[in-house]
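Residue-level structure breakdown
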Amino acid sequence: MKTEANGRIRARGLLGSALAKAAAYLVMGTFTVMTLYPLFWLTMNSFKTTREFQVNMLGLPMDPTLENFKMAWKFGEFGKLFPNSFIYTIGATAGVIALSVLAGFAFAKIPRRVTKWIYGSFVVGILLTINTLMIPLFIEVTILGIYNTRLAVLLVYVGAGLPIGIYLSTEYIRGIPTALVESARIDGAGYLTIFRRIILPMATPVATTLAILQICSTWNEFALINILVSKTELKSLPLGIFKFSSSLSTDYGKQFAALVIGMAPMLLFYVAFRKQITRGVAAGAVKG
Amino acid sequence: MKKLIIAALMIAVAVSAQAQVTLKVLNYQQADQAGYEEDVAIWERFQALNPDITLEMEVLFNDPYHEKLQAYAAAGTLPDVFYVWPGARSAVIHEKKLAKDLGKLLGPDYLKDFTGAATNPRNQLGGYLVQLPQSFTYTSVMYVNVKLLKDNGFAIPKTYADLKKMVPKLKAKGIAVMMLPNKDGWPGQSCLFSTVAGRIAGDKFFDDVLAGKAKFTDREFVNALKVVESLYKDGIIQRSDNSIGYGEGPGLFASGKAAIFLDGDWRTGAYITDKASGKALIDPKAQASDFALLPIVALPGEKYPGVNSAVAGTGWAVSGSIPAGSAKEEAAARLIKYLYSEEVQAIRYSTGAYVPTRIGVKAELEPLPAMLPGFYAANPKTSYVIDGVLDPAVYNVINDGLVAIGNGTKSATVVAKEVQAAFEAWKATKK
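Conventions used here
- Residues numbered from 1 in each chain as written.
- Chains lettered and ligands numbered in written order.
- Predicted model: local features only at pLDDT ≥ 70, side-chain atom pairs only at ≥ 80, totals over all residues.
- Helix = DSSP H or I, 4+ residues; strand = E, 2+ residues; numbered from the N terminus.
- Rg over C-alpha atoms; globule rule 2.2 N^0.38 Å.
- Buried ≥ 20, exposed ≤ 12 C-beta atoms within 10 Å, placed from the backbone.
- Contact = placed C-beta atoms within 7 Å.
- Domains from an automatic or database assignment.
- Core = buried A, V, L, I, M, F, W, Y, C linked by C-beta atoms within 7 Å.
- Nonpolar A, V, L, I, M, F, W, Y, C, P; charged D, E, K, R; others polar.
- Pairing = 2+ DSSP bridges.
- Axes fitted to C-alpha atoms, helices over the stretch in contact; angles between N-to-C directions.

Let us look at the overall build of chain A. A tally of regular secondary structure across chain A gives 13 helices and zero strands. Walking chain A from its N terminus toward its C terminus, one meets helices and strands in the order α-α-α-α-α-α-α-α-α-α-α-α-α. Taken over the C-alpha trace, chain A has a radius of gyration of 25 Å; the compact-globule value for 288 residues is 19 Å, which it surpasses by more than 25%. When the 288 residues of chain A are sorted by exposure, 35% land in the buried category. Sequence-distant contacts in chain A: of pairs separated by 6 or more residues, those separated by 24 or more amount to 81%.

Okay, here's the thing in structure tokens:
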């Protein structure tokens, strides 16, 4: 009797777990389709002529063409913009990580009376929107004489990335036992040595998180670079893509091709580093 | 002798360096618009023809253009030549008078070759010729499939009643009488309601509202909204049009899904032959024989029959900070005159960019764009485009209200009240 009852309970449990699994797959599958279908639709339509797109928006291309990509590459001047995007992304990411982790160490492990004020002055930057900063930044770089230079772009990108970078680094490094730092001090190590030998290796997860955040935001950044440079030789990819985006557009083929060109590097980045990205995001989500 | 040659060369270099003028240009260019390559060639040709002028060009488009222009204006570093809207979109240039008066710079002798509407300073927010409009845009045009109507036993419609008569037969065949893709909100206001309000309430009503002498809840405005309400109720425009994106309209119309398509005159560009495929959405021969561009039909309750919403187009302006009489001013004027020359305007006209305000420009055109001059000539009476005279805080409420009327979720009276409330709220911020 008891065995029968146990069997029923187990069967019910299995059914419940199967149903829960099915529901989970359904929800995840729906979200996957919602994410992937627009990418598929965009890529598919980038191989159609504008005429074909206007009469066949959902079907596969009947007569695929690469002409859209050739023209979009030429009109968008992507050949000039790609190297700049790499320079800004790598430069800004390296700058933000280096300065954030250094500052995080100082704020978390070398407290002074003014620490909370200086820390607060950085972190408050998280609340500022780019739009409020655009015109003041433009005036500032113009006065400093660095308008239309890569230096201005890098300085602003690093500055814009520091609030969140310092916040995450400080909170992460706070979780590293202070006893480690104190022991090293007793053993005669200087702060720079402690940072290099103890803090930096332990802060790799938060540095990875920062890299992911910074790479994505810098690669796609548009508003600031639009304000900071006017020469095509200094512009980055999003400015080229934006030349194709309008609700009044008539040449959808080129518009879609330009969007695919802009999207492809980030997709490749994700495919290549998906494991590190997942780990990095998870690491950044919990204090060390 | 050798020293003499070197000295002569140095003088020549010095003189040529002195004569060289650099013009900073903020250009508005869209890479996925028909005519982009031709536009690029226009600038290259100017550079080739004028070696004494160096163009330092920045190309932007859409909102980024306006943000950058705003930043330049705030920092006092406006480019020498830039692109300007006649109204609120370029308010900072107009209100702070940051551009030179082209009426004075170009002179009446030059401007006599342009239409009166283009050179009328009253058509610009600044009250002077901040820019010279390259075109005059009609925002409400009926693209009519005459053959489809004929095949179904209908003549070209002239009145609201004519449209209403078509509904049962066409609806049974799955064909819309009049298509207005309004998912984006603004086409309902720009391509339909501006003309409806212009005919029923009139421009004076809007002037009176802005002067505090009338209200959006007044009978005229409510009646105009009621006409839109009845267009949907009578099935002339289908409620499902509110889920059609603006970009989908030309393709749907070309495939015979509607007898009439409502859009602005700029949409003729969508039917120009695609260079990549050599094909057009509607074959040029069929465009000529089977299609027509017409004004919106006569509506019930019209006080101002025959008016159509239109607005002065965009154009080039010259920075007010260039010293008068300087070489730079001369170079800027030369560039402006080149951009508005018959040769350049003919290229822009032939690519479907617009119908030029320069008189007598001729170009080889595909049939639908070629119909526009005739349309303008036959419909000279114009009315305001609502988003050209009201603040976004107000016209966005009109746009949303028109969508709600189309969906049948709000009545004309309710929308009118909401618009008035939005207007009062906006006005309060201006005190």
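In this section: the domain arrangement of chain B. Assigned domains within chain B: domain 1 (2-133 + 314-353) and domain 2 (138-310 + 384-429). Between domain 1 of chain B and domain 2 of chain B, the C-alpha centre-to-centre distance is 35 Å.

This next bit is on the nonpolar core. Core analysis: the biggest nonpolar cluster contains 179 residues, and Met178 and Ile260 of chain B have the highest contact counts within it. Among all residues touching methionine 178 of chain B, those that are not within four sequence positions of it are Leu163, Ile236, Ile237, Ala258, Ile260 and Leu262 of chain B.

Take the interface of chain A and chain B next. If you look at the interface, chain A gives 30 residues, while chain B gives 31 residues. Of all the secondary-structure elements, those providing two or more residues to the side of chain A that touches chain B are helix H2 (50-55), helix H3 (67-76), helix H6 (130-144), helix H11 (223-228) and helix H13 (252-285) of chain A. The element best represented in the side of chain A that touches chain B is H6 of chain A, accounting for five residues. Looking at the side of chain A that touches chain B residue by residue, the class counts come to 10 nonpolar, 15 polar and five charged.

Here we take up the sheet that holds strand S9 (residues 291-294) of chain B. Residues and elements named next belong to chain B. Strand order in this open sheet of four strands is S7-S8-S6-S9, and the pairing throughout is mixed. Two strands close off the open sheet at either side, each with one partner strand: strand S7 (176-179) and S9. Geometrically, the sheet is characterised by an average inter-axis angle of 20° between neighbouring strands, direction not taken into account. As judged from the four bridges shared by strand S6 (residues 141-145) and strand S8 (residues 258-263), these two strands associate in the antiparallel manner. Pairing of valine 141 across the sheet is with aspartate 263, part of S8.

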